[in-house]
Amino acid sequence: MADVNKTESMEQAAFTGVESVCDIGELMSAYLDGELRDGELEQVVAHLTDCLECIAEFHELKEARTAVRMLPMLQVPDRVMPAAHYGPELSAFLDGELTADEQVMIVAHLQTCTDCLLELQDLDAARTAVRSMPGVEPPIPLMPRIPVRSQRTSLKRLAIAAAGFIGAAAIAINMASSGPEATPVDLDEFADRHTVRVSVEDGLTGVPIFMHGSTP
Amino acid sequence: MAEDRVPTWEDVARRYGRKIYSFAYRLTGNPDDASDLVQEVLLRVRKGLANYTPGSFEGWLWRITRNAFLDDVRKKKRRPTTVLPDDDRAVVGASPSPDEVLASVRLSDDVQAALLKVPMEFRECVVLCDVVGLSYEEISNTIDAPVGTVRSRIHRGRKQLRGLLTWPM
Amino acid sequence: MRRVRFAAALSAVLVVASVAPALADEFGELVESASEADFAGRQIVATFLDGETAFEIIDVEHAGSMMMTGSQGHESMIGSGKLSGGDGGAIAVSSWNSSQMSDRYEVGSSSPVKRLDREATAIEIHEDGMVRMRLVFDEVTGAPLVTEVFDGGGNLFRLSSMLEIDKIPGRLYSARGHYADEFEVLVPTSRHSLPAEAAGYNLADAYTGPTDSVQGFYSDGLFSFSLFLVEGSADSQRFSDADTVEVDGLKYRRLVNPGEIWVTWRANGDTYVLVGDLPPDHLEEVLDQLPKPGRRNLLGRLWSGLFG
């Protein structure tokens, strides 16, 4: 497009099509398109009744117009359009139940489908909400075996629960084994310290990642 | 589309996807470029809808489309275009005979090839008028040029096109 | 000292140190142009581990050596060894040793691909004849479009992929306000008892950390982790949500994040916290060579005695 202005005259010179001999010229295209202004219609009609060359040109313009209008409307390739949506697969994606290929396919789909992206975020929020519901299982730090995935309970609350269960003897043992109280550490700060050090790795480039759970 | 309602971008994709694609394909003759353009336009529409105030939606959409197209042209410095057969991308009327399909494909290939030889400035106006179906005034808003210029470009584009079409109609 | 907390903390999944030249001229070039790429977009980062998926979708901008990420209104900026958050916290590193890419990795040849309908170059990194990482770099911007990391069994472990990409980073240029004036600086230290190497990961630097801790930064030139050693007993409420996992019969608490894994355990009366992007099989090997959690303590025995 950038080169159109300077080449317009050249193209006119090289142009091999019909030449207009009368000055009603472009009115004929506007006539075909019903785009004439007041008074122009009479001008065109009057001219066309006695100018054979313009009648011929008029027909040729009409042919060109028809040729383009007859061009079929094209179908957009599937990959471009928002495709059929993934429903159950999104849950499976979150639950890690898809194969590597399927996971990649879902992500590829998310690249073009806002619907599925939003649904995925909703599903994830719903899952998190369910997991956040208070549970009744024993506190994780005291649980020797089973991963407790669905619990999200504060240490303080757990400490109270544990005290209720175990009683003074357990507390005494706890003090003997690990001191009076665990120092609270800030994992976010740890992660930030790691991140800032990673950022200066030699020849490094980084794909930035929002760290899950880094919000307060 | 109701003028007083802001559509979702999926609405836009459904309603205008084919037109945008056809617009781009007729201008470039390149299915990849046309696909790129549809994606880019939908992206810009999605971003732009937040700030869109109900009004002439089509005018807004085609300005976005044209700007995206111009950006793409600038970026790619317009590699030589090739004409591919429309074949399966063409949407032909209900149950046409094989001969009709073939004839339609051949004809449209010829027209497409001829279109690509018409200078871009004229081609753009012809396509907006005859493929997209915009009025002169809408085209004028889209390409940001006076209606008189639009009228002149459409006329000259058609004249050149007819000269390039070799078959009798 | 101001407590640093970034609502939108940054990390890196693609960590590429100086690459052995014979292996990887092209790879080095791709990485270099990625580090200088200008782009803006949205990215999904997902980690798949033990039947769980952790993912996050973030806005990303990269211009020059600066990178900005944002999600849910929280923004962070990183570059030139400085990390700062929109809420004023800031941290910097001013002294470090470089790492070499481990010779256990082999860089494969590149191939042209299309991603996001863009021309791109794909390249694989192999380890022991298995693909460990697959990267796709955008032809136009140089940006890394896709990074896939595989576990020891060849399963996809982490995936980060641009969902949209634009040429022009816009916000970054108008976001100087995010850059803090004062930074908490990582101070190098030689007074530590951290191991010099663990399962192919070398200790590059040690810094004094917060809460009487020491931070050891380990890298194999492709993945990296920091090991924090905190004296005595330490804990974070974050770990109340953690899985308990067994490695070689020993128990660790583990949090899986989209871009990183956090692991904590107690050993020799101290607390260890590991933060890193290493794949799970590497993680197990590393844990196996670091100080190990003691046998089940008295409380644990009492607990199982009481409740089975």
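For the structure, see preceding data.
Worth saying up front: this structure is predicted, and the values here are computed from it rather than measured.

Peer 1: Just checking my understanding: could you explain the side chain of Arg 151 of chain B for this structure?
Peer 2: Residue placement: Arg 151 of chain B occurs in helix H7 (residues 147-164). Residue contacts for Arg 151 of chain B: discarding those within four places in its chain leaves Glu 26, Leu 27, Ala 30, Glu 35, Leu 36, Arg 37 and Glu 40 of chain A together with Tyr 136 of chain B.

Peer 1: When you look at the pattern of salt bridges in this model, what are you seeing that I'm missing?
Peer 2: Pairs can form between side chains of opposite charge whenever their charged atoms are close. This model, assessed by the stated rule, comprises 28 salt bridges over all chains. Glu 40 of chain A is the salt-bridge partner of Arg 151 of chain B, the closest N and O atoms lying 2.8 Å from each other. Of this pair, Arg 151 of chain B sits in helix H7 while Glu 40 of chain A sits in helix H3 (residues 40-50), each in a different chain. Exposure remark for Arg 151 of chain B: the relative accessible area of 4% places this residue in the buried category. Its relative accessible area of 12% is what places Glu 40 of chain A among the buried residues. Of the charged contacts in the structure, one is a salt bridge between Arg 253 of chain C and Asp 235 of chain C, with a shortest N-O distance of 3.5 Å. A residue pair is termed long-range when its members are at least 10 positions apart, and Arg 253 of chain C in strand E19 (residues 250-256) and Asp 235 of chain C in strand E17 (residues 234-235) qualify at 18 residues. Each member of the pair, Arg 253 of chain C together with Asp 235 of chain C, is buried. Within the structure, one salt-bridge network assembled from shared partners comprises Asp 33, Arg 65 and Arg 69 of chain A together with Asp 130 and Arg 158 of chain B.

Peer 1: Would you mind showing me how to read empty space enclosed by the protein here?
Peer 2: A probe matching the size of a water molecule, rolled over the atoms, marks out where space remains unfilled. A complete count under the given rule lists 1 cavity of 30 Å³ or more for this structure. Taken together, 10 residues line the largest cavity, and the ones lying closest to its centre are Leu 110 and Leu 117 of chain A, Arg 46 of chain B together with Arg 42 and Glu 164 of chain C. Looking at the lining of the largest cavity, the elements with two or more residues in it are helix H7 (114-132) of chain A together with strand E11 (156-166) of chain C. The class makeup of the residues in the lining of the largest cavity is 4 nonpolar, 3 polar and 3 charged.

Peer 1: Before we go on, may I ask you to explain the packing of helix H4 (residues 52-69) of chain A against H7 of chain B in this structure?
Peer 2: Each pair of packed helices gets described by two things: the angle between the helix axes and the distance between those axes. Axis separation between H4 of chain A and H7 of chain B bottoms out at 8 Å; the angle between their running directions is 90°. Judged by the inter-axis angle, H4 of chain A sits roughly perpendicular to H7 of chain B. Judged by residue contacts, Glu 57, Glu 60, Leu 61, Glu 63, Ala 64, Arg 65 and Val 68 of chain A of H4 of chain A engage His 155, Arg 158, Lys 159, Leu 161 and Arg 162 of chain B from H7 of chain B. In the contact of H4 of chain A with H7 of chain B, the residues fall into 4 nonpolar, 1 polar and 7 charged.

Peer 1: Just checking my understanding: could you explain a negative patch on the surface for this structure?
Peer 2: All names here are of chain C. The grouping of Asp 25, Glu 26, Glu 29, Glu 32 and Glu 36 at the surface amounts to a negative patch. Tracing the sequence through the fold places Glu 36 in the loop between helix H1 (21-35) and strand E1 (39-49). Of the residues examined, Glu 36 reaches a relative accessible area of 52% and is grouped as exposed.

Peer 1: How should I be thinking about H4 of chain A in this particular structure?
Peer 2: Along an α-helix, residues three or four positions apart point the same way, because every turn accommodates 3.6 residues. Across its 18 residues, H4 of chain A extends 26 Å between first and last C-alpha, which sits within 8% of the 26 Å expected from 1.5 Å per residue. Among all positions in H4 of chain A, only Cys 54, Glu 57, Phe 58, Leu 61, Ala 64, Arg 65, Ala 67 and Val 68 of chain A are buried.

Peer 1: Is there a simple way to think about unusual backbone geometry in this case?
Peer 2: Excluding glycine, residues mostly carry a negative phi; peptide bonds, for their part, are mostly trans. The phi torsion at Asp 144 of chain B lies on the positive side, around 55°, for a residue other than glycine. At Ala 199 of chain C, a residue that is not glycine, the phi angle is positive and equals roughly 50°. Examined against the element boundaries, Ala 199 of chain C turns out to sit in the loop between strand E13 (197-198) and strand E14 (201-209).

Peer 1: Is there a simple way to explain the pairing of E11 of chain C in this structure?
Peer 2: Each regular strand displays side chains that alternate between the two surfaces of the sheet. Residue and element names in this part refer to chain C. For E11, the tally of buried residues reaches 10 of 11 residues, placing the bulk of the element in the interior. When E1 meets E11, the two strands line up antiparallel, connected through 8 bridges. Paired with Ala 46 across the bridge in E11 is Leu 159. Two strands pair when backbone bridges link them, and strand E10 (residues 144-150) and E11 are joined in this way by 5 bridges, in the antiparallel orientation. Residue pairing in the sheet places Glu 148 in a bridge with Leu 159 of E11.

Peer 1: In this structure, what is going on with the environment of Pro 184 of chain A? I would like to understand it.
Peer 2: Position of Pro 184 of chain A among the secondary structure elements: in strand E1 (residues 183-184). Classification of Pro 184 of chain A by relative accessible area gives exposed; the value is 63%. If sequence neighbours within four positions are ignored, Pro 184 of chain A has contacts with Thr 211 and Asp 235 of chain C.

Peer 1: Hey, could you run me through the nonpolar core in this one?
Peer 2: Soluble globular proteins tend to pack their nonpolar side chains together in the buried interior. One finds Phe 23, Leu 61 and Ile 139 of chain B to be the most contacted residues of the largest nonpolar core, which totals 55 residues. Mapped onto this core, the elements with two or more residues apiece are H4 of chain A together with helix H1 (9-28), helix H2 (31-49), helix H3 (57-76), helix H4 (98-117), helix H5 (120-132), helix H6 (136-143) and H7 of chain B. Beyond its immediate sequence surroundings of up to four residues, Leu 61 of chain B is in contact with Val 12, Tyr 16, Ile 20, Val 41 and Val 45 of chain B. Of all hydrophobic cores here, the second largest spans 43 residues; its members include Val 149, Tyr 218, Leu 222 and Ala 267 of chain C.

Peer 1: Could you clarify how one ought to interpret the packing of H4 of chain A against H5 of chain B in this entry?
Peer 2: Between H4 of chain A and H5 of chain B, the shortest axis-to-axis distance is 8 Å and the interhelical angle comes to 65°. Taken together, the axes of H4 of chain A and H5 of chain B lie roughly perpendicular to each other. The handedness of the crossing between H4 of chain A and H5 of chain B comes out as right-handed. Residues Arg 65, Val 68 and Arg 69 of chain A of H4 of chain A pack against Val 126, Cys 129, Asp 130 and Val 131 of chain B of H5 of chain B. Residues belonging to the contact of H4 of chain A with H5 of chain B are distributed by class as follows: 4 nonpolar, no polar and 3 charged.

Peer 1: How should I be thinking about the pairing of strand E21 (residues 270-276) of chain C in this particular structure?
Peer 2: Residues and elements named next belong to chain C. Taken across its 7 residues, E21 has 6 buried, putting it largely inside the fold. Relative to E21, strand E16 (residues 224-230) runs antiparallel, the two being bridged by 6 bridges. Its bridge partner being in E21, Phe 225 is matched across the sheet by Gly 276. Bridge count between strand E20 (residues 261-267) and E21: 7 bridges; the pairing is antiparallel. Within E21, the residue paired with Val 263 across the bridge is Leu 274. What sits between the antiparallel neighbours E20 and E21 is a turn of 2 residues, in which Asn 268 has the positive phi angle 50°.

The rules behind each value
Residues numbered from 1 in each chain as written. Chains lettered and ligands numbered in written order. Predicted model: local features only at pLDDT ≥ 70, side-chain atom pairs only at ≥ 80, totals over all residues. Heavy atoms only, no water. Helix = DSSP H or I, 4+ residues; strand = E, 2+ residues; numbered from the N terminus. Contact = heavy atoms within 4.5 Å. Salt bridge = Lys/Arg side-chain N within 4 Å of Asp/Glu carboxyl O. Buried < 20%, exposed > 50% of the residue type's maximum accessible area, 1.4 Å probe, protein only. 1 Å grid on protein atoms, 1.4 Å probe; cavity = no way out; pocket = protein on both sides within 12 Å on 5 of 7 lines; lining within 4 Å. Points joined across faces, edges and corners; volume = space filled by probe spheres on them. Nonpolar A, V, L, I, M, F, W, Y, C, P; charged D, E, K, R; others polar. Axes fitted to C-alpha atoms, helices over the stretch in contact; angles between N-to-C directions. Parallel < 35°, antiparallel > 145°, perpendicular 65-115°, else oblique. Patch = residues over 30% accessible without salt bridge, like charges linked within 9 Å, V, L, I, M, F, W, Y side chains within 5 Å. Areas by Shrake-Rupley, 256 points an atom, 1.4 Å probe, with all protein chains shown as cover. Lys, Arg positive; Asp, Glu negative; His and termini not counted. Charge placed at Lys NZ, Arg CZ, Asp CG, Glu CD. Expected span 1.5 Å × (residues − 1). Pairing = 2+ DSSP bridges. Core = buried A, V, L, I, M, F, W, Y, C linked by side-chain atoms within 4.5 Å. Left-handed = near helix turned anticlockwise from the far one by under 90°.

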